[in-house]
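# Breakdown of the fold
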Amino acid sequence: FVDSESTASLSAMQLEGRCGSLALRRETSDFGIVEKVNLRSSRRLRASLQGDACGIIFLILLAQLRGKVLFEESRNSPKQIKLIGNLYDKCHRTLNTLLAFMSDGSQDVKDASSSQDDGAIAVYAKAMPKVADLLNTFSIANADAWTLCRPLIRASMFAEEDKSGEDSSAIPVHLIPFHPTSPEMEKSYKAMLPEECWDHITQLLFSRFYSYAIYDLKCPEETYL
């Protein structure tokens, strides 16, 4: 998996590669060496994590644990800064890797009997709590809650673009609650920031800030060439 390590030691070429597609990120990471993946085993592992929403539970626990590593006080003695940094980085890498694996639809089997409700994104959407629930029920930080839901938010935005000029109801039902302009999402924005903040920013700016990826902001044209 790429994009799970620190960017501190990356070269300019590797940083440019992070702005591109998954294929470009893989080609610019680890000197372009991409390990072969057993697709059948990968699908079985994803199916096991999707069962009983085990993967979603792991993601939520990792997000909670990452916050506790930083802010929970030790009962015996103060935690060492190096230990805190190491534990935080491990949680961050594991969360990013698992999130990418759970929401990766590139290995979905396409045949006559399959539908859009059978893909990885659809299964992920049906099991993932809404952003407001992650904040209020599971006490996950604002940025972490958006991180867990970002694959679904972006999928809903892409679906809307694909259906532009057509009936908006054609957007998959499981993605509608995660669309940035859906009534359910807009109703939850006010509680995500102090009231004074809304005097200076709009809900659109707020949602776009957490919805976009670097791939949406910059295209590494020279690296592709």
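Residues numbered from 1 in each chain as written. Predicted model: local features only at pLDDT ≥ 70, side-chain atom pairs only at ≥ 80, totals over all residues. Heavy atoms only, no water.

### Considering the overall build of the chain
Note the following rule: To qualify as a helix, a DSSP run of H or I must reach at least 4 residues; to qualify as a strand, a run of E must reach at least 2; elements of each kind are numbered from the N terminus. Three labels apply to residues, based on accessible area from a 1.4 Å probe with only protein chains included: buried if under 20% of the type maximum, exposed if over 50%, partly exposed otherwise in between. Areas reported here follow the Shrake-Rupley algorithm with a probe of radius 1.4 Å; residue values treat only the protein chains shown as occluding.
Tallying secondary structure elements over the chain gives 12 helices and zero strands in all. Residue burial in the chain is summarised as follows: out of 225 residues, 34% are buried. Accessible area for the chain stands at about 14,500 Å²; split by element, carbon and sulfur atoms hold 55% of it.

### Quick word on the pattern of salt bridges
Where side chains of opposite charge bring their charged atoms close, a pairing between them can arise. Note the threshold: Any Lys or Arg side-chain nitrogen found within 4 Å of a carboxyl oxygen on Asp or Glu counts as a salt bridge.
In the structure shown here, the tally under the stated rule is one salt bridge. With a shortest N-O distance of 2.1 Å, Arg-66 and Asp-144 are connected by a salt bridge. Here Arg-66, found in helix H4 (residues 54-71), pairs with Asp-144, found in helix H8 (residues 142-162); they are 78 residues apart in sequence, far enough to count as distant. Looking at Asp-144, the relative accessible area reads 12%, which means it is buried.

### Regarding the packing of H8 against helix H10 (residues 203-211)
Basically, it comes down to this: Geometry is summarised by axes, namely lines fitted to C-alpha atoms with helices restricted to the contacting stretch, and by angles between N-to-C directions that run from 0 to 180 degrees. An angle below 35 degrees is treated as roughly parallel, one above 145 as roughly antiparallel, one from 65 to 115 as roughly perpendicular, and anything else as oblique. The contact definition used throughout considers only heavy atoms, calling two residues in contact when any of these lie within 4.5 Å. Residues are grouped as follows: Ala, Val, Leu, Ile, Met, Phe, Trp, Tyr, Cys and Pro are nonpolar; Asp, Glu, Lys and Arg are charged; every other residue, Gly included, is polar.
Packing of H8 against H10 brings their axes to within 8 Å, and their N-to-C directions diverge by 90 degrees. If you check the angle between H8 and H10, you find them roughly perpendicular. Contacts between H8 and H10 involve Asn-142, Ala-143, Trp-146, Arg-150, Ile-153, Arg-154 and Met-157 from the first element and Phe-206, Ser-207, Arg-208, Tyr-210 and Ser-211 from the second. When the residues that make up the contact of H8 with H10 are grouped by side-chain class, the tally is six nonpolar, three polar and three charged.

### Concerning unusual backbone geometry
A positive phi angle, near 55 degrees, is found at Asp-52, a position not held by glycine. Its location among the elements puts Asp-52 in the loop between helix H3 (39-50) and H4.

### Digging into the confidence of the model for the chain
What counts here: pLDDT expresses, on a scale from 0 to 100, how confident the predictor is about each individual residue.
Residues with a pLDDT of 70 or more make up 81% of the chain, whose mean pLDDT is 81. Mean pLDDT values over the elements of the chain span from 74, in helix H2 (residues 22-28), up to 92, in helix H7 (residues 131-136).

### Some words on the nonpolar core
Inclusion rule: Here, nonpolar core means buried Ala, Val, Leu, Ile, Met, Phe, Trp, Tyr and Cys residues that are tied together by side-chain atoms lying within 4.5 Å of each other.
Within the largest apolar cluster, 37 residues are counted, with the highest numbers of intra-cluster contacts made by Tyr-124, Met-128, Trp-146 and Leu-148. Every element with two or more residues in this core is listed here: H4, helix H5 (81-102), helix H6 (120-127), H7, H8, helix H9 (183-189) and H10. At nine residues, the largest contribution of residues to this core is made by H8. The residues touching Met-128, leaving out its near neighbours within four places in the chain, are Ile-56, Leu-134, Leu-148, Cys-149, Leu-152 and Phe-178.

### Overview of the environment of Cys-91
Tracing the backbone shows Cys-91 in helix H5. Counting along the chain gives 27 residues from Cys-91 to Gln-64, while the straight-line C-alpha distance between them is 9.8 Å. Discounting residues that sit within four places of it in the chain, Cys-91 has contacts with Leu-65, Arg-66 and Val-69.

### Topic: the packing of aromatic side chains
Put simply, the rule reads: The criterion for an aromatic pair is that two Phe, Tyr or Trp rings (for Trp, the six-membered ring) have centres within 6.5 Å, with stacked assigned to planes under 30 degrees apart, edge-to-face to planes over 60 apart and tilted to the rest. Ring-over charges, as used throughout, are those where CZ of Arg or NZ of Lys falls within 6 Å of the ring centre and within 35 degrees of the ring normal.
Evaluated as defined, the whole model comprises seven aromatic pairs. With a centroid separation of 5.1 Å and an interplanar angle of 85 degrees, the aromatic rings of Phe-209 and Tyr-210 are classed as edge-to-face. Look at Tyr-210 and you get buried, because its relative accessible area is 15%. Grouping aromatic residues by their ring pairs yields a cluster made of Trp-146, Tyr-189, Trp-198, Phe-206, Phe-209 and Tyr-210. Arg-46 extends its terminal NZ or CZ atom over the ring of Phe-101, reaching a point 4.4 Å from the ring centre.

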